[in-house]
Amino acid sequence: MILHLIRHPPPRVAQGVCYGAMDVPAEPAAVFAAALRADLPPGLPLWSSPLQRCHELAAALHPAPIFDERLREMDFGAWEGRRWADIPRAELDAWAADVDGYVPPGGESARQLQRRVLDFVTTLTVTEAVLVTHAGVIRSLYAHANGRPIADCLDVRPAFGSLTRLVLA
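Throughout what follows, the structure given in this document is the object of discussion. (Residues numbered from 1 in each chain as written. Predicted model: local features only at pLDDT ≥ 70, side-chain atom pairs only at ≥ 80, totals over all residues. Heavy atoms only, no water.)

Side note on the overall build of the protein chain
Argument step 1. Helix and strand content of the protein chain: 5 helices and 5 strands.
Argument step 2. Along the protein chain, from the amino end to the carboxyl end, the secondary structure elements read β-α-β-α-β-α-α-β-α-β.
Argument step 3. Here the contacts in the protein chain between residues at least 6 apart in sequence split such that 67% fall between residues at least 24 apart.
Argument step 4. For the protein chain, the exposed surface amounts to about 8000 Å²; the carbon and sulfur share of it is 55%.
Argument step 5. Side-chain charges in the protein chain split into 16 positive and 19 negative, and the spacing between the mean points of these groups amounts to 2 Å. (Helix = DSSP H or I, 4+ residues; strand = E, 2+ residues; numbered from the N terminus. Contact = heavy atoms within 4.5 Å. Areas by Shrake-Rupley, 256 points an atom, 1.4 Å probe, with all protein chains shown as cover. Lys, Arg positive; Asp, Glu negative; His and termini not counted. Charge placed at Lys NZ, Arg CZ, Asp CG, Glu CD.)

Set out below in structure tokens:
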């Protein structure tokens, strides 16, 4: 299966604020959509995270995008909307010690994110698709495709509005 993974445009959120499942707006999608259309094969189905930072880009790229909750970014629970500097150091240290398995209070772990994203992928009945989504989703798919733990893929940081092609066996 070939997946064309697109990260949403830059979000309109204050610098240094934790946002994952938090629904924040993004920079206008039109410029990103125009550049991406040239790199995407025509006629492919498109699925998207329902969060507004993905929604607008998906709608600009496809006349009938399909929105799926499983493509949302990781839920950081009680950390959502807080400045990273205000999150207790002990919690951040615990997360750093177990990137794949640590669950922020009221949130989900990177491993749980990966499970729901892979659950989504197993429901696809096509051999090629476009997904408009988030860095965490892209990173988790990259880790899976390369047989690596998510913690070993923290250097995978797709740029806002960028396209990543991934082949899943």
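Past the structure itself, the notes keep going.
Focus on the state of the cysteines
Argument step 1. Per the stated rule, a full pass over the model turns up 0 disulfides.
Argument step 2. Here Cys18 stays unpaired: no disulfide links it, and the sulfur of Cys54, its closest cysteine neighbor, is 16 Å away.
Argument step 3. Residue class for Cys18 comes out buried when judged on its relative accessible area of 0%. (Disulfide = S-S within 2.5 Å. Buried < 20%, exposed > 50% of the residue type's maximum accessible area, 1.4 Å probe, protein only.)

Some thoughts on the environment of Ile66
Argument step 1. Looking at the secondary structure, you find Ile66 in strand E3 (residues 66-67).
Argument step 2. Given the relative accessible area of 38%, Ile66 is considered partly exposed.
Argument step 3. For the pair Ile66 and Gly136, spaced 70 residues apart in sequence, the C-alpha separation works out to 20 Å.
Argument step 4. Not counting the four nearest positions on each side in its chain, Ile66 is found in contact with Leu46, Trp47 and Ser48.

Focus: the nonpolar core
Soluble, globular proteins show a tendency: their nonpolar side chains are buried together.
Argument step 1. If you look at the biggest cluster of nonpolar residues, it comprises 29 residues, and the most contacted ones within it are Leu3, Trp79, Leu131 and Leu141.
Argument step 2. Residue assignment for this core shows that the elements contributing at least two residues are strand E1 (2-7), helix H3 (89-97), helix H4 (110-122), strand E4 (128-133) and helix H5 (135-145).
Argument step 3. With 5 residues, the single largest contributor to this core is H4.
Argument step 4. Setting aside anything within four residues of it in sequence, one finds Trp79 in contact with Cys18, Trp84, Ile87, Glu91, Leu92, Trp95, Tyr102, Pro104 and Pro105.
Argument step 5. If you look at the next biggest cluster of nonpolar residues, it comprises 13 residues, including Leu40, Cys54, Leu57 and Leu61. (Core = buried A, V, L, I, M, F, W, Y, C linked by side-chain atoms within 4.5 Å.)

Regarding the environment of Leu163
Argument step 1. For Leu163, the position within the fold is in strand E5 (residues 163-167).
Argument step 2. The spatial distance from the C-alpha of Leu163 to the C-alpha of Leu3 is 9.9 Å, given a sequence separation of 160 residues.
Argument step 3. Look past the residues within four positions of Leu163 in its chain and what remains in contact with it is His4, Leu5, Ile6, Leu36, Asp39 and Leu40.

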